[in-house]
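Overview (structure and organization)
For reference, the chains in residue letters:
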Amino acid sequence: MNFEQSRQLLSNLAGTVKSHLIGELRWHHLGQVLDDQPEDVKLALKRHVDVLLERMKRLKASDIDLGGPGCNRRIWYRAGGKKSADEEMPEYHVDETDLLILNLTTESERKQLFAERNLDFSYRIKSSGNNGWTRFRSNIYFDMTHLAVNMRRINDQLIPFN
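Residues numbered from 1 in each chain as written. Predicted model: local features only at pLDDT ≥ 70, side-chain atom pairs only at ≥ 80, totals over all residues. Heavy atoms only, no water.

1. Some details on the environment of glycine 68
Basically, it comes down to this: Secondary structure elements follow DSSP: runs of H or I of four or more residues count as helices, runs of E of two or more count as strands, with numbering from the N terminus. What makes two residues a contact is simply this: any of their non-hydrogen atoms within 4.5 Å.
Its location among the elements puts glycine 68 in the loop between strand S1 (61-67) and strand S2 (76-79). Distance from glycine 68 to alanine 14, taken between C-alpha atoms, is 14 Å for residues 54 residues apart in sequence. Excluding residues within four positions of it along the chain, glycine 68 makes contact with Val94, Thr97, Asp143, His146, Leu147 and Ala148.

Below is the structure:
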């Protein structure tokens, strides 16, 4: 499934979110929407995020931010110390980013996220270099009533202590 197809899948899935639910009920509903999906859908959503992270690497960006009202429907990258919205990428409704972000978590991580209102975790994608992986330090947090995530790329090369 390519990026545009997974984008459409995400849009359709977000259309099933019950908009009248708020708070804990909403978050558990979002989790259930994801849990009800077959593995190929969950993988397509994960791959969608991976494409955004691959773009981050190509742009030589250190960070990506997405989700919540603060991102104003855009994907943001920090490159060269300057944070800016990526105008070449599509806009995302907050329900779409809520699903994308929540799909990155395990059941136990979701419980922690809902209880503590943030979650620190590591993430990685296949790539060339560093034994075939690019790693990220990640933080999911609540931005008003929606989820947002910041992911910082960890350097591929280890810097020795002298």
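2. Some words on the nonpolar core
One broad trend across soluble globular proteins is that nonpolar side chains are buried collectively. In plain terms, the rule: We call a set of buried residues a nonpolar core when its members are Ala, Val, Leu, Ile, Met, Phe, Trp, Tyr or Cys and they connect through side-chain atoms within 4.5 Å of each other. Throughout, exposure labels follow a simple rule: accessible area from a 1.4 Å probe, protein chains only, divided by the maximum for the residue type, with under 20% read as buried, over 50% as exposed, and the rest as partly exposed.
Formed by 39 residues in total, the largest nonpolar core has its most connected members in Leu53, Ile64 and Leu99. Sorting elements by how many residues they give to this core places helix H3 (residues 39-58) first, with 6 residues. Setting aside anything within four residues of it in sequence, one finds leucine 99 in contact with Leu10, Leu13, Ala14, Val17, Leu30, Val33 and Leu34.

3. Regarding the pairing of S1
Stated formally: At least two bridges found by DSSP between two strands is the condition for calling them paired.
In terms of burial, S1 is a largely internal element, 6 of the 7 residues being buried. Examined bridge by bridge, S1 and S2 share 4 bridges and lie antiparallel to one another. The residue of S2 that forms the bridge with aspartate 63 is arginine 78. Bridge analysis of S1 against strand S6 (residues 146-154) gives 5 bridges, and the strand direction is antiparallel. Counted as the bridge partner of glycine 67 is alanine 148 from S6.

4. Structural notes on the packing of aromatic side chains
Under the convention used in this document: Side-chain rings of Phe, Tyr and Trp (the six-membered ring for Trp) are treated as a pair once their centres are within 6.5 Å; stacked means planes under 30 degrees apart, edge-to-face means over 60, and tilted covers the remaining angles. Only when the NZ of Lys or the CZ of Arg is both within 6 Å of the ring centre and within 35 degrees of the ring normal is a charge said to sit over the ring.
Scanning all chains against the criterion turns up 2 aromatic pairs. Between the aromatic rings of tryptophan 27 and phenylalanine 114, the centroid separation amounts to 6.5 Å while the plane-to-plane angle is 40°, which identifies the pairing as tilted. Here tryptophan 27, found in helix H2 (residues 23-35), pairs with phenylalanine 114, found in helix H5 (residues 107-116); they are 87 residues apart in sequence, far enough to count as distant. Accessibility expressed as a relative area gives 3% for tryptophan 27, which makes it buried. Centre to centre, the rings of tryptophan 27 and phenylalanine 142 are 5.1 Å apart; their planes meet at 90°, and the pair counts as edge-to-face. One end of the pair, tryptophan 27, is in helix H2; the other, phenylalanine 142, is in strand S5 (residues 133-143), with 115 residues separating them in the sequence. Pair check on accessibility: tryptophan 27 and phenylalanine 142 agree, each one buried. Three or more aromatic residues joined by ring pairs form one cluster here, namely Trp27, Phe114 and Phe142. One cation-aromatic arrangement involves arginine 26 over tryptophan 27; the distance from NZ or CZ to the ring centre is 5.2 Å. One Lys or Arg, arginine 117, reaches over the ring of phenylalanine 142 and ends 4.8 Å from the middle of that ring.

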